[in-house]
Amino acid sequence: MTTIRAVVTDIEGTTSSIRFVKDVLFPYARERLPAFVETHGDTPEVQHWLHEAAKEAGIVEASRQEVIEMLLRWIDEDRKSTALKALQGMIWKDGYENGDYQAHMYPEVSARLHAWRADGLHLYVYSSGSVPAQKLFFGYSEAGDLRPLFSGYFDTETGAKRERASYEKIAEAIGEQPGHILFLSDIVEELDAAKAAGLQTGWLLREPLTVPDAPRHPAYRDFDAIVL
Ligand SMILES: CSCCC(=O)C(=O)COP(=O)(O)O
Ligand SMILES: [Mg+2]
């Protein structure tokens, strides 16, 4: 492996369990979204994302109720919409601050991130969750506030996670040659895109525990198996 100088990690299925996102975060946002939109729908930020969501759906004139129903459907479909993710992040803030939940971290993640940082590597996050939601996630994690470990965050405002151009932009923003950056994810299409952009890749296969015979990317059961 060429020297790795930076690690970019996905969240759901990589640092943290898919179950936490689907069973805790999504229902929390789903339950509160209608009241949130009613209460905050006239603030410029919320208005902007409601407009972006309607635009994404190709709706020219939608009532607030129609947009709410569409967003609820998108939550159920786990649609990776930048607008939905921004709104979800705003709703999750209260839950973290009230102590309703803490973000799940697989047990070895925090220590491994600390070790990589101590070795001089720069750490970044790239997730479909919005950057504010990522900061809340790592700020209120089961392993404590992990934000001091990270040098930067990327979300789908940089581009979709299955597109090569997104990883080219990330490498440029980090200021490293792509070959010196390791991207970690559980989704093979994201890894394919990162590899096409010249990044090194690590495929987290936490569940199921079986590794395919000829994986397209170096495959790991957890972060401790990754030797840099
Ligand atoms: C950090 S926000 C919660 C996770 C989320 O909404 C999401 O879509 C995670 O997707 P990922 O790209 O991290 O697999
Ligand atoms: Mg993932």
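Residues numbered from 1 in each chain as written. Chains lettered and ligands numbered in written order. Predicted model: local features only at pLDDT ≥ 70, side-chain atom pairs only at ≥ 80, totals over all residues. Heavy atoms only, no water.

A few words now on the coordination of the magnesium ion (ligand 2). Ligation of the magnesium ion (ligand 2) by protein atoms is provided by Asp10 (OD), Glu12 (O) and Asp186 (OD), these donors lying 2.2 to 2.3 Å from the ion. Sequence positions of the donors to the magnesium ion (ligand 2) reduce to the motif D-x1-E-x173-D. An identical accessibility class is assigned to aspartate 10 and glutamate 12; each is buried. (Donors = N, O, S within 2.8 Å, 3.2 Å for Na, K, Ca; no water. Buried < 20%, exposed > 50% of the residue type's maximum accessible area, 1.4 Å probe, protein only.)

This part takes up the site of ligand 1. In the vicinity of ligand 1, 15 residues are found, and the nearest of them are Asp10, Lys85, Ser127, Ser128 and Lys161. One of the side-chain N or O atoms of aspartate 10 is found 2.9 Å from an oxygen atom in ligand 1. With respect to ligand 1, the backbone of isoleucine 11 contributes an N or O atom lying 3.3 Å from an oxygen atom. Bound to the protein, ligand 1 loses 98% of the 400 Å² it would expose on its own. Elements represented by at least two residues in the shell around ligand 1 include exactly helix 1 (18–40), helix 4 (82–97) and helix 6 (131–139). When residues in the shell around ligand 1 are grouped by element, the largest group, 3 residues, is from helix 1. Each residue belonging to the shell around ligand 1 can be placed in one class, and the counts come to 7 nonpolar, 3 polar and 5 charged. (Near = heavy atom within 4 Å. Polar contact = N/O pair within 3.5 Å; in protein donor to acceptor, adjacent residues only side chain to side chain. Areas by Shrake-Rupley, 256 points an atom, 1.4 Å probe, with all protein chains shown as cover. Helix = DSSP H or I, 4+ residues; strand = E, 2+ residues; numbered from the N terminus. Nonpolar A, V, L, I, M, F, W, Y, C, P; charged D, E, K, R; others polar.)

This next bit is on the domain arrangement of the chain. In terms of domain boundaries, the chain breaks down into domain 1 (6–16 + 103–220) and domain 2 (21–98). Inter-centroid distance (C-alpha atoms) of domain 1 to domain 2 is 25 Å. In this complex, domain 1 contributes 11 residues to the contact, which on the side of domain 2 involves 14 residues. Here domain 1 meets domain 2 over a buried area of about 1100 Å², counting both sides, of which 66% is carbon and sulfur. (Domains from an automatic or database assignment. Contact = heavy atoms within 4.5 Å. Buried area = accessible area lost by both parts, 1.4 Å probe.)

Quick look at the environment of alanine 103 now. Among the structural elements, alanine 103 can be located in the loop between helix 4 and helix 5 (109–118). Separated by 49 residues in the primary sequence, alanine 103 and alanine 54 have C-alpha atoms spaced 30 Å apart. The contact partners of alanine 103, leaving out residues within four places of it in the chain, are Phe20, Tyr96, Phe137, Tyr140, Ser141 and Glu142.

Next up on the list: the pairing of strand 5 (residues 200–204). Extensive coverage of strand 5 is indicated by the burial of 5 of its 5 residues. Residue alternation in strand 5 divides its side chains into two sets, Gln200, Gly202 and Leu204 and Thr201 and Trp203, and both sets are buried. For strand 4 (residues 181–185) and strand 5, the ladder comprises 4 bridges, and the chain directions are parallel. Each residue of the ladder has a partner; that of leucine 182, found in strand 5, is glutamine 200. Between the parallel elements strand 4 and strand 5, the chain passes through helix 8 (residues 188–196) in a crossover that is right-handed. By the bridge criterion, 2 bridges tie strand 5 to strand 6 (residues 219–220) in an arrangement that is parallel. Residue pairing across strands places tryptophan 203 opposite alanine 219, the latter belonging to strand 6. (Pairing = 2+ DSSP bridges. Right-handed = clockwise from strand over helix to strand, strands pointing away.)

What follows covers the packing of aromatic side chains. Counting across every chain of the model gives 14 aromatic pairs. Pairing phenylalanine 26 with tryptophan 92 gives two aromatic rings, centres 6.4 Å apart and planes at 5°, and the pair type is stacked. Highlighted residues: phenylalanine 26 in helix 1 and tryptophan 92 in helix 4, separated in sequence by 66 residues. Residue classification places phenylalanine 26 among the buried positions, given a relative accessible area of 7%. Looking at tryptophan 92, the relative accessible area reads 5%, which means it is buried. Ring geometry for tyrosine 126 versus phenylalanine 183: centroids 6.3 Å apart, planes at 50°, classification tilted. (Phe/Tyr/Trp six-rings, centres within 6.5 Å; stacked < 30°, edge-to-face > 60°.)

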